[in-house]
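Next come the chains, spelled out residue by residue.
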Amino acid sequence: MKKRHYQGFTLIELLLTIAILIIALGIGLPSFGKLIEDSHRKDTLHQLLTAISYARTEAITRSANITLCPLDTNGKCSTDWNKPITIFVDPSRSRHLTSSEAILRVLPSPSQGYLYGRTGIRKHFGFKSTGMARESIGHLLWCPKDGDPRQAFQIRINMGGRPILARDSDNDGIVEDAYGRNITCP
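Residues numbered from 1 in each chain as written. Predicted model: local features only at pLDDT ≥ 70, side-chain atom pairs only at ≥ 80, totals over all residues. Heavy atoms only, no water.

Asks: Quick question: what am I supposed to make of the overall build of the protein chain here?
Replies: Within the protein chain one finds one helix and eight strands. Against the 2.2 N^0.38 benchmark of 16 Å for 186 residues, the protein chain shows a C-alpha radius of gyration of 25 Å, more extended than a compact globule. Oriented by its inertia axes, the alpha-carbon framework of the protein chain measures out at about 95 × 45 × 30 Å. In the protein chain, buried positions account for 36% of the 186 residues. Taking the contacts inside the protein chain whose residues are at least 6 apart along the sequence as the reference set, 51% of them involve residues at least 24 apart. Only carbon and sulfur atoms are counted for the fraction: they give 57% of the accessible area of the protein chain, which is about 11700 Å². The distance from the centre of the 24 positive side-chain charges to the centre of the 17 negative ones in the protein chain is 5 Å. (Helix = DSSP H or I, 4+ residues; strand = E, 2+ residues; numbered from the N terminus. Rg over C-alpha atoms; globule rule 2.2 N^0.38 Å. Buried < 20%, exposed > 50% of the residue type's maximum accessible area, 1.4 Å probe, protein only. Contact = heavy atoms within 4.5 Å. Areas by Shrake-Rupley, 256 points an atom, 1.4 Å probe, with all protein chains shown as cover. Lys, Arg positive; Asp, Glu negative; His and termini not counted. Charge placed at Lys NZ, Arg CZ, Asp CG, Glu CD.)

As structure tokens, then:
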């Protein structure tokens, strides 16, 4: 019977291969983490833009007042935009959910950052049957958990009820607010 000889890796070859893999992973993992963070950011942005447009469209389609806000435990609009955001039919414009049948959609809480609503003295965004949002204009500001304004975004809602995404017009990597100032994360 013929004897077979198997060749394998020497200990040095194996250690060298492991060292190369560790270096490659060390270089690649931070980029992969950045890719995941960017994906969460874009998903949150898309959900908010879609929700605002949906609320406005439903106001026009149903010829009814529609409110978009986070709710407290009593079903009233809250200032804590890190709670789930509820879109509901609000015929009397009370900004109070009185029946679960009035709920049109609920957005989950942002999981990878913080959401701040700037609605003046109000705690909501409201859309009239014309789609207008005259008395409840303002903006939503999303900031990543590390507070880096270069990764933040701002959605403004104008009097026409349309969402407008803030832009970086001076190319410094930070979007500007309605007054042309760089946004800041609290």
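The structure having been displayed, the exposition proceeds.
Asks: Help me understand the environment of I183, please; the structure alone is not making it clear to me.
Replies: In this fold, I183 is placed in the segment after β8 (163–165). Separated by 37 residues in the primary sequence, I183 and D146 place their C-alpha atoms 15 Å from one another. If near-sequence neighbours (up to four positions away) are discounted, I183 is found in contact with L141, P149, A152, F153, Q154, I174, V175, E176 and D177.

Asks: Sorry, what's going on with the pairing of strand β2 (residues 85–89) here?
Replies: Burial analysis of β2 places four of its five residues in the buried class, which makes it a mostly covered element. Examined bridge by bridge, strand β1 (residues 66–70) and β2 share five bridges and lie antiparallel to one another. Considered in β2, the bridge of C69 is made with T86. In terms of strand pairing, β2 meets strand β3 (residues 103–107) through four bridges, oriented antiparallel. Across the sheet, the residue bridging to T86 is V106, located in β3. (Pairing = 2+ DSSP bridges.)

Asks: When you look at helix α1 (residues 11–62) in this model, what are you seeing that I'm missing?
Replies: Each α-helix winds once per 3.6 residues, and so residues spaced three or four apart point in a common direction. End to end, α1 covers 73 Å across 52 residues, agreeing with the expected 76 Å (1.5 Å per residue, within 8%). A bend of about 30 degrees at G28 is the largest found in α1, and the proline P30 appears one to four places after it. When we look at burial in α1, the residues that qualify are R41, T44, L45, L48, A51, I52, Y54, A55, R56, E58 and A59. At the exit of α1 stands S63, carrying a positive phi of roughly 50 degrees. (Expected span 1.5 Å × (residues − 1). Bend = angle between axes of the 7 residues up to and from the residue.)

Asks: I'm lost on a nonpolar patch on the surface in this one. Help?
Replies: On the surface, a nonpolar cluster with roughly 670 Å² of combined accessible area is contributed by F9, L11, L14, L15, I18 and I22. Here I22 shows up in helix α1. (Patch = residues over 30% accessible without salt bridge, like charges linked within 9 Å, V, L, I, M, F, W, Y side chains within 5 Å. Salt bridge = Lys/Arg side-chain N within 4 Å of Asp/Glu carboxyl O.)

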